[in-house]
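Residue-level structure breakdown
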Amino acid sequence: MARKRKSGSEASRQAGYFIKRNKVAVVVFFIFVLVLAATILWFSDFLSGAQCFEVKKVEIVKPGTEGNLYMQKEYFNLEYPVNFFTVDTAALAGKIKAAHPEFQIVIITKFLPNRIVARIKDREAVARIRVGKVLPVDFDGVIVSDTGSLDSLPLITGLESQLADPKAGTRVKSRRVSTALDILRRINARKEFGKSAVTAIDMTYPDKAFFIMDGMTIVVGNNDFDRKLDSLADALSNPKVDRSKIDSIDLRFTDAAVTFKPEKK
């Protein structure tokens, strides 16, 4: 214990000796620290208060607008003018998506001194659902506001009866819709089916769910989709099988059960 006290006392004496020998350097160091702290505070106040950093408009760019930016007068629930340095880009993107559910992707980029650009991708319809009337949806199951021609999109039928009239921008709360879109997403992701077209998905009986692809009825059920699509790819790649003569393929068995169209007499 005495040895530790002696060591501490020795360190104190050495520190005091150093300060006495370097008074000027120590004073200069503390003055430098105070000046630096004051400069940082002043600079922070300058950045947050200077008018040259005030953002008065949010600029929007979307695919299909040929790269042109256009200005928005409304601030997506922001209080304006907005300081360039205090804008939280993640929070702003969240507010824009909350105010405009038709946007699928929102990326915020800031450019000094006072520009904020929102790059936006609208939701894209990938299928249609029949709930009293036919409505387009994207892969998230969100109703899309799309006035274009949708006749080429797969039609999902056999949905729950309680689905009344979902509004544009809202997500359809339906397990059957989610399953059908999952099937469609997996099909689209496979190169083997790149030249094929799915025209309909029927979810009336989920354990017997089927889709129509290139005129063939493909029974897939409601689980183990990757294995079943592997089986489908193998069946269709068989050079001995004439796809034009296939009526249906049931993938719920270990081996795909292929049924051919009756031959015309």
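The coordinates are above.
Presented here is a report on the structure given in the accompanying data block. None of the values given here were measured: they were computed from a predicted structure.

Counting secondary structure elements, the protein chain contains 5 helices and 14 strands. Put simply, 47% of the contacts in the protein chain that link residues at least 6 apart link residues at least 24 apart. Within the structure as shown, the protein chain displays about 17,300 Å² of accessible surface, and the carbon and sulfur contribution to it stands at 56%.

In the structure shown here, the tally under the stated rule is 13 salt bridges. One salt bridge in this structure joins Asp230 and Arg190, with 2.8 Å as the shortest N-O distance. Taken together, the residues span a long stretch of sequence, with Asp230 in helix α5 (residues 225–237) and Arg190 in the loop between α4 (175–188) and β10 (198–202) at a distance of 40 residues. For Asp230, a relative accessible area of 39% corresponds to the partly exposed category. In this structure, a network of salt bridges that share partners links the residues Asp182, Arg185, Arg186 and Asp226.

As a further point, take the pairing of β10. Regular strands place their side chains on alternate faces of the sheet. Summarising the sheet, strand β9 (residues 155–157) and β10 pair through 3 bridges and their orientation is parallel. Residue pairing across strands places Leu155 opposite Ala200, the latter belonging to β10. The pairing of β10 with strand β11 (residues 210–213) spans 4 bridges and is antiparallel. Its bridge partner being in β11, Val198 is matched across the sheet by Met213.

So, on to α5. Between its terminal C-alpha atoms α5 stretches 18 Å, which fits the 18 Å expected from 13 residues at 1.5 Å a residue. Where α5 is buried, its residues meet α4, β11, β12 (216–219) and β13 (246–250).

The mixed open sheet is built from 8 strands, whose spatial order is β8-β7-β9-β10-β11-β12-β13-β14. Looking at strand neighbours, the two that pair on one side only are β8 (133–137) and β14 (257–260), the edges of this open sheet. Pairs of neighbouring strands in the sheet enclose a mean axial angle of 20°, with direction left out of account. Of the strand pairs in this sheet, β11 and β12 are connected by 4 bridges, and their pairing is antiparallel. In the strand pairing of β12, Ile212 is matched with Thr217.

Our next topic: the side chain of Arg123. Counting through the fold element by element, Arg123 comes out in the loop between β6 (115–122) and β7 (127–131). Side-chain polar atoms of Arg123 contact the backbone oxygen of Pro101, separated by 2.9 Å. Within polar-contact distance, the side chain of Arg123 engages the side chain of Asp140 at 3.1 Å.

Every buried residue of helix α3 (residues 89–99) is accounted for by Leu92, Ala93 and Ile96. The arc that holds the buried residues of α3, viewed along the axis, is 100°, so those residues lie on one side. Exposed residues on α3 whose side chains face more than 90 degrees from its buried face are Ala90 and Ala98. Packed against the buried residues of α3 are β5 (103–111) and β6. Where α3 begins, the capping side chain belongs to Asp88, and its oxygen is found 3.0 Å from the backbone nitrogen of Ala90.

This next bit is on a nonpolar patch on the surface. Residues Phe29, Phe30, Phe32, Val33, Leu36 and Ile40 make up a contiguous nonpolar surface patch of roughly 620 Å² in combined accessible area. Position of Ile40 relative to the elements: it lies in helix α2 (residues 23–49).

What follows is about the nonpolar core. Ile129, Ile156, Phe211 and Leu232 are the most contacted members of the largest nonpolar core, which totals 35 residues. Elements represented by at least two residues in this core include exactly β7, β8, α4, β10, β11, β12, α5 and β13. The dominant element in this core, judged by the number of residues it contributes, is α4, at 6 residues. Apart from residues no more than four positions distant in its own chain, Ile129 is found in contact with Val134, Leu135, Val137, Ile143, Leu155, Ile156, Leu159, Val172 and Val177. The next biggest cluster of nonpolar side chains, apart from the first, holds 17 residues, and it includes Val82, Ile96, Phe103 and Ala118.

About the criteria used
- Residues numbered from 1 in each chain as written.
- Predicted model: local features only at pLDDT ≥ 70, side-chain atom pairs only at ≥ 80, totals over all residues.
- Heavy atoms only, no water.
- Helix = DSSP H or I, 4+ residues; strand = E, 2+ residues; numbered from the N terminus.
- Contact = heavy atoms within 4.5 Å.
- Areas by Shrake-Rupley, 256 points an atom, 1.4 Å probe, with all protein chains shown as cover.
- Salt bridge = Lys/Arg side-chain N within 4 Å of Asp/Glu carboxyl O.
- Buried < 20%, exposed > 50% of the residue type's maximum accessible area, 1.4 Å probe, protein only.
- Pairing = 2+ DSSP bridges.
- Expected span 1.5 Å × (residues − 1).
- Axes fitted to C-alpha atoms, helices over the stretch in contact; angles between N-to-C directions.
- Polar contact = N/O pair within 3.5 Å; in protein donor to acceptor, adjacent residues only side chain to side chain.
- Arc of directions from axis to C-beta.
- Patch = residues over 30% accessible without salt bridge, like charges linked within 9 Å, V, L, I, M, F, W, Y side chains within 5 Å.
- Core = buried A, V, L, I, M, F, W, Y, C linked by side-chain atoms within 4.5 Å.

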